[in-house]
Amino acid sequence: MTLCTTPVVKKSCSGLQSAQENWVFNDPIHGTVELHPLLVKMIDTPQFQRLRYIKQLGGAYFVYPGASHNRFEHCIGVAHLAGELAKALKTRQPELNIDDRDVLCVQIAGLCHDLGHGPFSHSFETFIHKARPGRNWKHEEASLTLFDYMVDSNNLEEEMRRYGLQLPDDMEFIKELIKGEARVFVNCVKSPFKGRPDKPFLYEIVANKRNGIDVDKFDYLARDAYNLGIKSSFDHRRFIKFARVCKVCKKCGENKEKHVCKADGEYQICMRDKEVNNLYDLFHLRYSLHSRAYQHKVNNIIEHMITEAFLKADEHIQIEGSEGQMFTLSTAIDDVEAYTKLTDHVYETILHSSQPELAEAKQILSRIVDRNHYRFLVETRPTTSIENMIAEWQRDNNIPEGMTPEENMKRGWEQELAEARDGQDFRLTAEDFKVDGSMSQPQCFSEQLIRIYCKKTDESSVNAARRQRNPQ
């Protein structure tokens, strides 16, 4: 992605012409992208620049040479699409009363929605859940914290007011857009939103918790497919062209203008019925990317190995945070200054470390570099859902403190695999196996798989492991 600054003439609300300095990006996905000066101010902060060093697809770069794109360009793409959709609705439906403040807030939310991602993106969330099982942490939580920190530490409140935003109301609105709270539509008397309670459709642009169709998905699917070399037939430009806001019955889900019902209606972003095939293409593309890339058997095991290395290195990596306090890899999420320093460079720090305490973690990461990763043994499709299997396991077994039912179930399967003998003297332990369960969503294009890997790579161990029985 290349960029340049170009003076672009804009017309103000008073009708006067004024020159304002916009950034114009050459983006491989969206072509020429023009961003508001306030967004440029936010891009030029250490908190946003950090996203240059966090891979969009985590460990997939070790499998797909083209998967080198980062969260930085994805966030710029989402900001662009958020503005395009908001402006399209504003132009086509003036009765919605979408103003320039609304559009700018939606663009800022799109730009900053992934500020909170850690090293190797979603792999870091997996690491936190294992390192701190009692801490229900998600990157959206960190995005809100880093957004506040970015605004405060770079004195952006003054700039936000200068461009017409009203604080603190618009700050609250932007954070609601980033968080993307799920809503209850039936029997909902009062809007759960504070920022724009009279414009609930704006909350469906960046993070749509109602049906998952939003500009975040539009950008990452198009960008991932492009960099992975996978063809895409979904056309997000066509979606934006045909999108309309309609008043939809909360109870029946029908257009209130053509449907008689006593239930209240809510304004939602809708699509023409003839465009349903384009939406099928959207979810089919997502399924294809999950099955061919996100859940690729080698990608999954590499991300597991990275997580395993982080767990072994956790207590031995020290990161300085606010007021000189020191934090570990897993506790850095509790301090915004320390967390801002976390990027994919942690991998290189461990890999090139000479500290004896990091030797085990270094050995795991070295195996990734040497392509000596854990070996895939077998893949099976369960006869019941993974969720039902977890619930049944939790009912029949005592779950140790500090371990989730899913982790305990997989650990039990690994022990069963180790105890299954094939009549030979070759001995494998539970530590030699890795059971991985993966799901591809949404439901209309879903698939659940159970995969088994062997951590030993010598031919005798792998052959013996393949003869062991599979968990059913």
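Residues numbered from 1 in each chain as written. Predicted model: local features only at pLDDT ≥ 70, side-chain atom pairs only at ≥ 80, totals over all residues. Heavy atoms only, no water.

Along its length, the chain carries 18 helices and ten strands. Here the chain holds 472 residues, and the buried ones make up 52% of them. Put simply, of all contacts in the chain between residues at least 6 apart along the chain, 64% involve residues at least 24 apart. A total accessible area of about 22800 Å² is found for the chain, and carbon and sulfur atoms account for 47% of it. (Helix = DSSP H or I, 4+ residues; strand = E, 2+ residues; numbered from the N terminus. Buried < 20%, exposed > 50% of the residue type's maximum accessible area, 1.4 Å probe, protein only. Contact = heavy atoms within 4.5 Å. Areas by Shrake-Rupley, 256 points an atom, 1.4 Å probe, with all protein chains shown as cover.)

What follows concerns the environment of Val 63. Structurally, Val 63 is set in the loop between helix H2 (46–49) and helix H3 (71–92). For Val 63, a relative accessible area of 23% corresponds to the partly exposed category. Note: C-alpha distance between Val 63 and Val 298 (235 residues apart in sequence) is 7.0 Å. Here Val 63 is in contact with His 296, Val 298, Asn 299 and Ile 302, once residues within four sequence places are set aside.

Another point: the state of the cysteines. Per the stated rule, a full pass over the model turns up zero disulfides. Considering cysteine sulfurs only, Cys 112 is the nearest to Cys 75, which forms no disulfide, with 7.7 Å between them. (Disulfide = S-S within 2.5 Å.)

Another point: the nonpolar core. One finds Met 42, Ile 108, Phe 147 and Ile 205 to be the most contacted residues of the largest nonpolar core, which totals 113 residues. Sorting elements by how many residues they give to this core places H3 first, with eleven residues. If we skip the residues at most four places from it in the chain, Phe 147 touches Met 42, Ile 108, Cys 112, Leu 115, Met 171, Ile 174 and Lys 175. (Core = buried A, V, L, I, M, F, W, Y, C linked by side-chain atoms within 4.5 Å.)

Residues with a pLDDT of 70 or more make up 80% of the chain, whose mean pLDDT is 84. pLDDT under 50 marks residues 439–444. Its contacts with residues more than four places away, or in other chains, come to 19 contacts. (pLDDT = per-residue confidence, 0-100.)

Attention shifts here to the packing of aromatic side chains. Scanning all chains against the criterion turns up 14 aromatic pairs. Geometrically, the ring pair formed by Phe 124 and Phe 127 is tilted, given 5.4 Å between the ring centres and 50° between the ring planes. Here Phe 124 pairs with Phe 127, and both are found in helix H5 (residues 122–131), just three residues apart, close to one helical turn. For the pair Phe 124 and Phe 127, a shared accessibility class is recorded, and that class is buried. A connected cluster of aromatic rings, assembled from ring pairs, spans Phe 62, Phe 120, Phe 124, Phe 127, Trp 137, Phe 310, Tyr 339 and Tyr 347. Sitting over the face of the ring of Tyr 339, Arg 50 holds its NZ or CZ atom 4.9 Å from the ring centroid. Over the ring of Phe 72 we find Arg 52; its NZ or CZ atom is 4.0 Å from the centre of that ring. (Phe/Tyr/Trp six-rings, centres within 6.5 Å; stacked < 30°, edge-to-face > 60°. Lys NZ or Arg CZ within 6 Å of the ring centre and 35° of its normal.)

In this section: the pattern of salt bridges. All told, the structure shown has 19 salt bridges when counted by the stated rule. Asp 148 is paired through a salt bridge with Lys 175; the nearest N and O atoms lie 3.1 Å apart. Separated by 27 residues along the polypeptide, Asp 148 in helix H6 (residues 139–153) and Lys 175 in helix H8 (residues 169–179) bring together distant segments of the chain. A residue is classified by how much of its surface remains accessible, and Asp 148, at 25% relative accessible area, is partly exposed. Here Lys 175 falls in the partly exposed class, since its relative accessible area comes to 22%. Counted as one network, the salt bridges with shared partners bring together Arg 101, Asp 102, Asp 170, Arg 196 and Lys 199. (Salt bridge = Lys/Arg side-chain N within 4 Å of Asp/Glu carboxyl O.)

On to H5, then. The complete set of buried residues in H5 reads Ser 123, Phe 124, Glu 125, Phe 127 and Ile 128. Where the residues of H5 are buried, they touch H6, helix H12 (297–313) and helix H13 (336–340).

Below, the discussion takes up helix H15 (residues 359–369). Every buried residue of H15 is accounted for by Ala 361, Ile 364, Leu 365, Arg 367 and Ile 368. Summarising the axial view, the buried residues of H15 lie within an arc of 150°, below the 170-degree limit, and thus occupy one face. The inward-facing, buried residues of H15 abut H12 and helix H14 (345–351). In the stretch just after H15, Arg 371 is the one whose phi turns positive, near 60°. (Arc of directions from axis to C-beta.)

As a further point, take unusual backbone geometry. For residues other than glycine, phi is negative in most cases, and the peptide bonds are mostly trans. Going from Leu 167 to Pro 168, the amide bond is cis rather than trans, its omega being 10°. Its location among the elements puts Pro 168 in the loop between helix H7 (156–162) and H8. A positive phi angle is found at Glu 323, which is not glycine, with a value near 55°. Along the chain, Glu 323 falls in the loop between strand S6 (319–320) and strand S7 (326–327). Since its relative accessible area comes to 77%, Glu 323 is described here as exposed.

With respect to the helices and strands, Asp 170 occurs in helix H8. Judged by relative accessible area, Asp 170 falls into the buried class, the value being 0%. Not counting the four nearest positions on each side in its chain, Asp 170 is found in contact with Arg 101, Cys 105, Leu 165 and Arg 196.

The next thing to look at is the packing of helix H9 (residues 215–228) against helix H11 (residues 276–294). One way to put it is that H9 packs onto H11 with a least axis distance of 11 Å and a crossing angle of 45°. In terms of their interaxial angle, H9 and H11 are classed as oblique. Viewed along their axes, H9 and H11 form a crossing whose handedness is left-handed. Contact with H9, carried on its side by Lys 217, Phe 218, Tyr 220, Leu 221, Asp 224, Ala 225 and Leu 228, involves Leu 282, Leu 285, Arg 286, Leu 289, Ala 293 and Tyr 294 of H11 and no other residues of that element. Of the residues contributing to the contact of H9 with H11, the split by class is ten nonpolar, no polar and three charged. (Axes fitted to C-alpha atoms, helices over the stretch in contact; angles between N-to-C directions. Parallel < 35°, antiparallel > 145°, perpendicular 65-115°, else oblique. Left-handed = near helix turned anticlockwise from the far one by under 90°. Nonpolar A, V, L, I, M, F, W, Y, C, P; charged D, E, K, R; others polar.)

Attention now moves to the side chain of Thr 340. Relative to the helices and strands, Thr 340 is located in helix H13. Assessed through its relative accessible area of 16%, Thr 340 is described here as buried. Within the structure, Thr 340 has its side chain in polar contact with the backbone oxygen of Val 336 (distance 2.6 Å). Excluding residues within four positions of it along the chain, Thr 340 makes contact with Gln 47, Arg 50, Leu 146 and Tyr 149. (Polar contact = N/O pair within 3.5 Å; in protein donor to acceptor, adjacent residues only side chain to side chain.)

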